[in-house]
Amino acid sequence: MESGPEFLGSMWVRMAWISSIGRYGVDSVARYGRVLLMLVDTVRCTPQRPLRFHLFLHQCLHVGVYSVPVVLVTGAFTGAVLALQTASAFRLFGAENLVATVVALSMTRELGPVLTGIMVAGRVGSAMAAELGTMRVTEQIDALHTLATNPVKYLIVPRVWAATVMLPCLVIFSDLLGIMAGRFIMVDVLGNSPVAYYKRTVQFLDFEDIQIGLIKAALFGLSLALIGCYQGYSVRGGAREVGFAVNRAVVSSIGMIFVINYLVTAYFF
Amino acid sequence: MADAARAEIINGSGTIRLDNVWTRFGGEESWIHRGLSFDVRVGESFVIIGGSGAGKSVLVKLLIGLLAPERGNVIVDGIDIPHATKGDLYRTMKHIGVLFQFGALFDSLTIWENVTFGLQDRGLSDRELRRIATEKLKMVGLRGVEDRLPSQLSGGMRKRVGLARAIAYEPDILICDEPTSGLDPVMSDTISELILQMKERLGVTTLTITHDMTSAYKIGDRIGMLYEGRILACGTPEEIRTSSDPIVRQFIEGRALGPMSIGGEEA
């Protein structure tokens, strides 16, 4: 049996490891707890007057309209790749006519919402963290408070609800473009019948499939905006901390998108 | 003045009172304020001086309710700030104007929107708000900048816009955090002059936090020196200028060597 200073040293290293893992776990739980408290505060502040609906519309423009190009490109190329990959595999056992169904179901239930969520987390979640973080370190959030304006109501409420509403809209665009790109590959590139593609698309695609995708999208929007806002809002320090906050906002919100995706899929399974 | 004094006695409006305030971040030894007490009377200009890290900016956060002390009372405009409800706090904020160290103007808003930000829920038209903004900007010596963005202004202009915003809803109390830091001597004097004018024209109670002695002598009716978490010396500018306290002397003369502890070490 080991003994002496070397054994104690290795024990100390192990203990330090365990302790740091434990501390990381506790910090993570505390952080998500604070994000949930921010959600509660957001819901509580939403009906308070003045409503400032124009701020919500302004955020819809930033989160939704300005994200359309990137979401269209993502949706179109994902649908095209999906069609090519499934076509080459399904051709082996003569099921090429099912490609349309696979593209439609995959886009509406999984790929449309998840990829749109990831793209918007990268584009919008990071911008929210950077903007709010900069406002925090330059005392603009303190200034809001001194001007008798609730910073949560003014900054976070419009961003969170705009992302929650606009993500499903973006996902509809992404789904449509994905299905149209799949059709382009199957009909215009591989020479299959357009009528058959259309029939196979609508035959197995239920409203419930689209609905599940849109529910996921709304939850992704809510979580990425909340995490982005939380990370920016809670910055302490200077420019370096703003950078870390942006980084954490993107990584955490993408991670959360995968977790929510699993939970919603399992719920509707 | 008699009415103002009566109001002060009845509800403390327009006054600031800190009573045995203890504030800390972290552990038992990291006290920032150790029994800090002072009061500012209606219409008075009180200046707090002190070295970097003396807890001056934390004091501003205490006064506006962004931080709460461990113990002690912070009474601003007759309201017990740490124990006020959010509604009471925001109502009190409407009687307090704050000029931040770097202006803290909202980047995404134009200058006139910044100046009238606190008035935007009063149901005034944009035309009326612009008129108010132009008037307040004129008071701080700025013209023709209404439609610019803060990034298009110099540091001194941003401070002046910050001051215009702080006085936009004619507060009872004006709090200025390092109003002259980072400015050249001429611009520093201009800002000091403006604060003085605001006090005289609007009759506001002014609390200025600074380490610029030229500005402190000019603005203050009384000056208090914050040192090791409490007011070390307090008096008129003349009393401070002729103080025999070695720490006060070292600070006002700006000497590196002396009894004053700098960052926990004696210089």
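Here, the structure is the one placed above.
Residues numbered from 1 in each chain as written. Chains lettered and ligands numbered in written order. Predicted model: local features only at pLDDT ≥ 70, side-chain atom pairs only at ≥ 80, totals over all residues. Heavy atoms only, no water.

(A) Representation of unusual backbone geometry. All names here are of chain A. In this structure, the amide linkage connecting Arg49 to the following residue, Pro50, adopts the cis form with an omega of 0°. Inspection of the secondary structure puts Pro50 in the loop between α1 (4–45) and α2 (53–63). Phi at Glu139 takes a positive value of approximately 65°, unusual for a residue other than glycine. By secondary structure assignment, the location of Glu139 is in the loop between α4 (99–137) and α5 (140–146). (Helix = DSSP H or I, 4+ residues; strand = E, 2+ residues; numbered from the N terminus.)

(B) The interface of chain B and chain A, seen in detail. On the side of chain A, 17 residues touch chain B, which itself brings 25 residues to the contact. In this assembly, chain B packs against chain A so that about 1800 Å² is buried in total across both faces, 61% of it on carbon and sulfur atoms. Residue Lys61 of chain B is joined to Asp142 of chain A by a salt bridge in which the shortest nitrogen-to-oxygen separation is 2.7 Å. Between the two partners, chain B and chain A, sit four residue pairs in polar contact (both at pLDDT 80 or more). Breaking the side of chain B that touches chain A down by element, the ones donating at least two residues are α3 (86–93) and β6 (96–99) of chain B. The element contributing the most residues to the side of chain B that touches chain A is α3 of chain B, with four residues. Residues that form the side of chain B that touches chain A fall into these classes: 15 nonpolar, three polar and seven charged. (Contact = heavy atoms within 4.5 Å. Buried area = accessible area lost by both parts, 1.4 Å probe. Salt bridge = Lys/Arg side-chain N within 4 Å of Asp/Glu carboxyl O. Polar contact = N/O pair within 3.5 Å; in protein donor to acceptor, adjacent residues only side chain to side chain. Nonpolar A, V, L, I, M, F, W, Y, C, P; charged D, E, K, R; others polar.)

(C) Up close: the environment of Phe244 of chain A. Within the element layout of this structure, Phe244 of chain A appears in helix α9 (residues 239–268). Measuring from C-alpha to C-alpha, the distance between Phe244 of chain A and Ala95 of chain A comes to 49 Å, with 149 residues separating the pair along the chain.

(D) View of the environment of Leu137 of chain B. Within the element layout of this structure, Leu137 of chain B appears in helix α5 (residues 126–139). Other than its neighbours up to four places away in sequence, Leu137 of chain B contacts Ile111, Val115, Leu142, Val145, Glu146, Val161 and Ala164 of chain B.

(E) Molecular detail of the pattern of salt bridges. Residue and element names in this part refer to chain B. According to the stated counting rule, one finds 26 salt bridges over all chains in the structure shown. The partner of Glu70 in a salt bridge is Arg24, with the nearest N and O atoms 3.6 Å apart. On the criterion of sequence distance, the pair formed by Glu70 in the loop between α2 (56–63) and β4 (71–76) and Arg24 in strand β1 (residues 16–24) is long-range, its members being 46 residues apart. Note on Glu70: relative accessible area 46%, which makes it partly exposed. Since its relative accessible area comes to 22%, Arg24 is described here as partly exposed. Note that Arg255 is salt-bridged to Glu253, the shortest N-O span being 2.9 Å. With a relative accessible area of 38%, Arg255 lands in the partly exposed category. What emerges from the salt-bridge pattern is a single network uniting Glu128, Arg131, Glu135, Lys136 and Glu170. (Buried < 20%, exposed > 50% of the residue type's maximum accessible area, 1.4 Å probe, protein only.)

(F) Broad picture of the nonpolar core. Core analysis: the biggest nonpolar cluster contains 126 residues, and Ile156 of chain A together with Ile16, Leu18, Phe38, Ile48, Ile49 and Leu63 of chain B have the highest contact counts within it. Top element by residues in this core is helix α6 (residues 151–189) of chain A. It accounts for twelve residues. Split by domain, this core shows at least three residues from each of two domains, domain 1 (1–45) and domain 2 (52–268) of chain A. Each residue touching Ile49 of chain B, except ones within four places of it in the same chain, is listed here: Lys56, Thr210, Met213, Ala216, Ile223, Gly224, Met225, Leu226, Phe251 and Ile252 of chain B. Grouped together as the second largest cluster of nonpolar side chains are 19 residues, Ala80, Ala87, Ala95 and Ala181 of chain A included. (Core = buried A, V, L, I, M, F, W, Y, C linked by side-chain atoms within 4.5 Å. Domains from an automatic or database assignment.)

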